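Structural characterization, general
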Amino acid sequence: MDSSNNKLFKFMNAHLMGPMGKLASFRIVRGVMAAGMASIPFTIVGSMFLIINVLPQSFPALAGIWKVSFDKISNLYMLANGATMGILALYFCLVFGYEYTRIQAQEEKIDVNPLNGALLSMMAFFMCIPELVFKGGTATLITQITKDSKIIDGYAISGGVTRLGTTGIFTAIIMSIIAVKLYAWFVKKNIVVRMPDTVPTGVSRSFTALIPTAAIALTVIVINGILMAFNTDIYKIVAIPFGFVTNLTSTWVGLLVVYFIMHALWIVGIHGATIVTSFLTPIVLSNMQLNQKGANIPFAGEFNNCFVTIGGSGATLGMVIFIAFFAKSAQLGALGKASIVPAFFNINEPILFGMPVVYNPYTAIPFFLAPMASMTIAYFAIDFHLVKPMIAQPAWPTPIGLSAFIGTAGDWRAIILAFICAFVAFLIWFPFIKFYDGKLYKDEQVKGAEEAAA
């Protein structure tokens, strides 16, 4: 058994830890992680106002009260949703541009200003938002108002500028990369306007960005022009590969792969949740916005923390409760009591590194299987319309049941589903943690006897 486990861990080290460790160190990935973290307060606040707006859909008895109260001012308070979820790509663009520039400056020792990087990224992104076509040999901004679409002077409108929402996140990231790379290249090659040392720093930095700004603008114009000649644009091009990834995560098999990779990374000591979710954040946010418009996509919003990894990676809440109150070994008993409160808030690093789960052959199997099982139950419950999909964004540490209730905008069945998922995950953990606890207990007894004899 030890030999086979060693082979397994060696295989995972070689084929997962190395490549994923390198991937996590990439500057672009770190920038995306920072942008995802920065977007959290905006998605949560925007979701809270959305919940107020749709609550009568879950509780029809409230419809009359809402009609004479909240419905009358919904256009007013929903501005908070439009200015958060509605322009989420803009927040991603600014934070990614800032962070990516900061990393370039720090690691390449280039005198680039993160604020300039953020603003240049925003400029490049905004230049891609309007839709244009060649009409009669002339570049023309599209104006098209039909039953299904509303495009005015190139801007697609639907309760705000559509392309500033979650659909624009990937485009924002790509244009930010182009802008920051060009900015850094021009500064590195010293192709900038240099001001005398007597000029204030703020003014000097503005002029340093002058030539890169012109170069970035011209580059984006050329990109847009070439794509327009082929009757497309950057948004439509980006939608092709990322549309494939989005469709993959909308399938049960695709999600099995996602959760396998996430937990395989944890097993070899890499924070799998952070790496994997940094790539998936734009997708789940976009899916959540589609659900708000009537779609029924299971993998949206905080689906992961509401139904899958309840208690933290590995879906460990039930297991932690068990060892806190029923473990025979002193080691697991003490660890469970110390970890039980954080576990209710989906924090389980004490378990992952204290048990430990990392590199532990006794806990590897349930660590993989429990979240896959809970994901499967939640996926099909939503897919079969037994529970409403996620349309709001609760804070990820929100306790079991409450997070699902908030995320589905008040569907009481989501609470039951969350507890079923947690219970099934515990059933998978039970025989393994029982065996592991028994082994530790015997080891402690032997050690105690040896110490007493000494």
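Criteria and thresholds
- Residues numbered from 1 in each chain as written.
- Predicted model: local features only at pLDDT ≥ 70, side-chain atom pairs only at ≥ 80, totals over all residues.
- Heavy atoms only, no water.
- UniProt positions renumbered as here; feature names shortened; annotations may be inferred.
- Pairing = 2+ DSSP bridges.
- Helix = DSSP H or I, 4+ residues; strand = E, 2+ residues; numbered from the N terminus.
- Phe/Tyr/Trp six-rings, centres within 6.5 Å; stacked < 30°, edge-to-face > 60°.
- Lys NZ or Arg CZ within 6 Å of the ring centre and 35° of its normal.
- Axes fitted to C-alpha atoms, helices over the stretch in contact; angles between N-to-C directions.
- Parallel < 35°, antiparallel > 145°, perpendicular 65-115°, else oblique.
- Left-handed = near helix turned anticlockwise from the far one by under 90°.
- Contact = heavy atoms within 4.5 Å.
- Nonpolar A, V, L, I, M, F, W, Y, C, P; charged D, E, K, R; others polar.
- Core = buried A, V, L, I, M, F, W, Y, C linked by side-chain atoms within 4.5 Å.
- Buried < 20%, exposed > 50% of the residue type's maximum accessible area, 1.4 Å probe, protein only.
- Domains from an automatic or database assignment.
- Buried area = accessible area lost by both parts, 1.4 Å probe.
- Salt bridge = Lys/Arg side-chain N within 4 Å of Asp/Glu carboxyl O.
- Polar contact = N/O pair within 3.5 Å; in protein donor to acceptor, adjacent residues only side chain to side chain.

As annotated in an unreviewed UniProt entry, the protein chain carries the name Permease IIC component and comes from Lacticaseibacillus chiayiensis. According to its UniProt record, the protein chain has this under Function (unreviewed entry): "The phosphoenolpyruvate-dependent sugar phosphotransferase system (PTS), a major carbohydrate active -transport system, catalyzes the phosphorylation of incoming sugar substrates concomitant with their translocation across the cell membrane."

Some remarks on the pairing of strand E2 (residues 138–141)
Bridge count between strand E1 (residues 132–135) and E2: four bridges; the pairing is antiparallel. In the sheet register, leucine 132 faces E2, and the bridge partner there is leucine 141.

Description of the packing of aromatic side chains
Summed over all chains, the structure comprises 18 aromatic pairs. These aromatic residues form a ring-pair network of at least three members: Trp252, Tyr379, Phe380 and Phe384. Just above the ring of tyrosine 235 sits the side chain of arginine 163; from NZ or CZ to the centre is 4.1 Å.

A word on the packing of helix H2 (residues 27–58) against helix H13 (residues 272–292)
Put simply, H2 and H13 touch, their axes get as near as 9 Å, and they point 30 degrees apart. Judged by the angle between their axes, H2 and H13 are roughly parallel. The interaxial crossing formed by H2 with H13 has left-handed handedness. Here H2 contributes Val29, Val32, Met33, Thr43, Ser47 and Leu50 to the contact with H13, which in turn contributes Thr274, Ile275, Ser278, Phe279, Leu285, Met288 and Gln292. The residue inventory of the contact of H2 with H13, partitioned by class, reads eight nonpolar, five polar and no charged.

Looking at the nonpolar core
Ranked by size, the top nonpolar core spans 103 residues in total, and within it Phe303, Phe307, Ile323, Leu332 and Met355 carry the most contacts. Residue contributions to this core reach at least three from each of two domains, namely domain 1 (7–20 + 251–453) and domain 2 (88–247). With residues up to four places along the chain from it excluded, the contact list for methionine 355 reads Met319, Ile323, Gln331, Leu332, Leu335, Pro350, Thr363, Ile433 and Tyr436. One finds Leu55, Trp66, Ala392 and Ala409 within the second-largest nonpolar core, a separate group that totals eight residues.

Quick notes on the environment of alanine 324
Along the chain, alanine 324 turns up in helix H15 (residues 317–326). Accessibility expressed as a relative area gives 2% for alanine 324, which makes it buried.

Let's talk about the domain arrangement of the protein chain
Entries for the protein chain in the domain assignment read domain 1 (7–20 + 251–453) and domain 2 (88–247). A separation of 38 Å is found between the C-alpha centroids of domain 1 and domain 2. If you look at the interface, domain 1 gives eight residues, while domain 2 gives nine residues. Here domain 1 packs against domain 2, burying approximately 740 Å² in sum over the two surfaces, 68% of which is carbon and sulfur. Broken down residue by residue, the surface that domain 1 buries against domain 2 is led by Pro282, Ile283 and Leu285, which jointly contribute 55%. Scanning the region where domain 1 abuts domain 2 turns up zero salt bridges. In this assembly, domain 1 and domain 2 are joined by one residue pair in polar contact (both at pLDDT 80 or more). When the residues that make up the side of domain 1 that touches domain 2 are grouped by side-chain class, the tally is three nonpolar, five polar and no charged.

Here's the deal with the pattern of salt bridges
Under the defined criterion, the tally for this structure stands at eight salt bridges. For arginine 30, the salt bridge goes to glutamate 107, with nearest N and O atoms at 2.3 Å. With arginine 30 in helix H2 and glutamate 107 in helix H6 (residues 88–108), the pair connects residues that are 77 residues apart, well separated along the chain. In this structure arginine 30 comes out as partly exposed when scored by relative accessible area, which is 27%. A single network of salt bridges, built from pairs that share partners, joins Arg27, Arg30, Glu107, Glu108 and Lys188.

Focus on the sheet that holds strand E3 (residues 144–145)
The three strands are arranged E3-E4-E5 in an open sheet whose pairing can be described as antiparallel. Of all the strands in the sheet, the pair left with one neighbour each is E3 and strand E5 (155–156). Direction of pairing for E3 relative to strand E4 (residues 150–152): antiparallel, over a ladder of two bridges. Bridging from a neighbouring strand, glutamine 144 pairs with isoleucine 151 of E4.

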